[in-house]
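Structural overview for review
Given next are the chains, with one letter for each unit.
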Amino acid sequence: MDLFKVNIDGAIERHNSYDACGGLARGSTKRWLGEFIQFVGHCNSLEADLCVVVQGILLVRRLNLKNVIIESDSLETVASVSTSNDLWGGSPLVWKIRKLVKDRMDISVKHIRRKANQPPVDWLAKKRFQYP
């Protein structure tokens, strides 16, 4: 069975505090299968990263991928969606992610080192600022 990975990242434009996110899906041969970029709006970094996880799951659904690992370089984000006892457990985004993952038992959210998550995903997230 093929294993698919979706790498996700967020970016912030400092002069106006807008957040954007990006992600890409790759197969076991590292072939690029799909991507997303979008504005998230004004929010804190954890909320932005949670939005990125939602978008990553939606990308998985759009591409109809099975056996997927969503990789984020935000340890706080991964912990908040992976455990039931956390400070963000009451967040609607956390509950939405947990439900989406529970509905699809073949999706997991894992932490990846920031350096390993770049450059393509970081580039995608920052690219959104170029096209309003």
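Residues numbered from 1 in each chain as written. Predicted model: local features only at pLDDT ≥ 70, side-chain atom pairs only at ≥ 80, totals over all residues. Heavy atoms only, no water.

When you go through the chain residue by residue, the secondary structure sums to four helices and five strands. Going residue by residue from the N terminus, the α and β elements of the chain occur as β-β-β-α-β-α-α-β-α. Considering only contacts within the chain whose residues lie at least 6 apart along the sequence, 68% involve residues at least 24 apart. Here the chain displays about 7500 Å² of accessible surface, and carbon together with sulfur accounts for 54% of that area. (Helix = DSSP H or I, 4+ residues; strand = E, 2+ residues; numbered from the N terminus. Contact = heavy atoms within 4.5 Å. Areas by Shrake-Rupley, 256 points an atom, 1.4 Å probe, with all protein chains shown as cover.)

Going through the model one piece at a time under the given rule, you end up with two salt bridges. Close ionic contact of Lys5 with Glu71 constitutes a salt bridge, the shortest N to O distance being 3.3 Å. In this pair, Lys5 is assigned in strand β1 (residues 4–13) and Glu71 in strand β4 (residues 68–72), connecting sequence segments 66 residues apart. Residue classification places Glu71 among the buried residues on the basis of a relative accessible area of 10%. The residue Lys99 makes a salt bridge to Asp103 at a minimum N-O spacing of 2.8 Å. Of the two residues, Lys99 and Asp103 both sit in helix α3 (residues 92–103), four residues apart, roughly one turn of that helix. There is no split in this pair, since Lys99 and Asp103 are both exposed. (Salt bridge = Lys/Arg side-chain N within 4 Å of Asp/Glu carboxyl O. Buried < 20%, exposed > 50% of the residue type's maximum accessible area, 1.4 Å probe, protein only.)

Moving on: the packing of aromatic side chains. One pass over the structure, following the stated rule, counts zero aromatic pairs. Stacked on the ring of Trp95, the Lys or Arg Arg98 has its end atom at 5.0 Å from the ring centre. (Phe/Tyr/Trp six-rings, centres within 6.5 Å; stacked < 30°, edge-to-face > 60°. Lys NZ or Arg CZ within 6 Å of the ring centre and 35° of its normal.)

The next point concerns unusual backbone geometry. With a phi close to 55°, Asn64 is a non-glycine residue in the positive phi region. Following the sequence through the fold, Asn64 ends up in the loop between α1 (45–63) and β4. Look at Asn67: it is not a glycine, yet its phi comes out positive at around 60°.

On to the pairing of β4. In terms of burial, β4 is largely enclosed, as five of its five residues are buried. Residues Val68, Ile70 and Ser72 point to one face of β4 and Ile69 and Glu71 to the other, with burial holding for every one of them. Sheet topology places β4 next to strand β5 (residues 107–111); five bridges connect them, and they run parallel. Across the sheet, residue Glu71 finds its bridge partner in β5, namely Lys110. (Pairing = 2+ DSSP bridges.)

What follows is about α1. In an α-helix, one full turn covers 3.6 residues, which means residues spaced three or four apart are oriented alike. Taking 1.5 Å per residue as the helical rise, α1 with its 19 residues ought to reach 27 Å, and the 27 Å between its terminal C-alpha atoms agrees with that figure. Burial in α1 covers these residues: Leu46, Ala48, Asp49, Leu50, Val52, Val53, Val54, Gln55, Gly56, Ile57, Leu59 and Val60. Count one or two residues on from α1 and you reach Asn64, which has phi positive near 55°. (Expected span 1.5 Å × (residues − 1).)

Moving on, we come to the environment of Phe4. The residue Phe4 is located in strand β1 in this model. In this structure, the C-alpha to C-alpha distance between Phe4 and Ser28, residues 24 residues apart in sequence, is 5.9 Å. Phe4 has contacts with Arg26, Gly27, Leu33, Leu65, Lys66, Asn67, Val68 and Ile69, leaving out every residue within four places of it along the chain.

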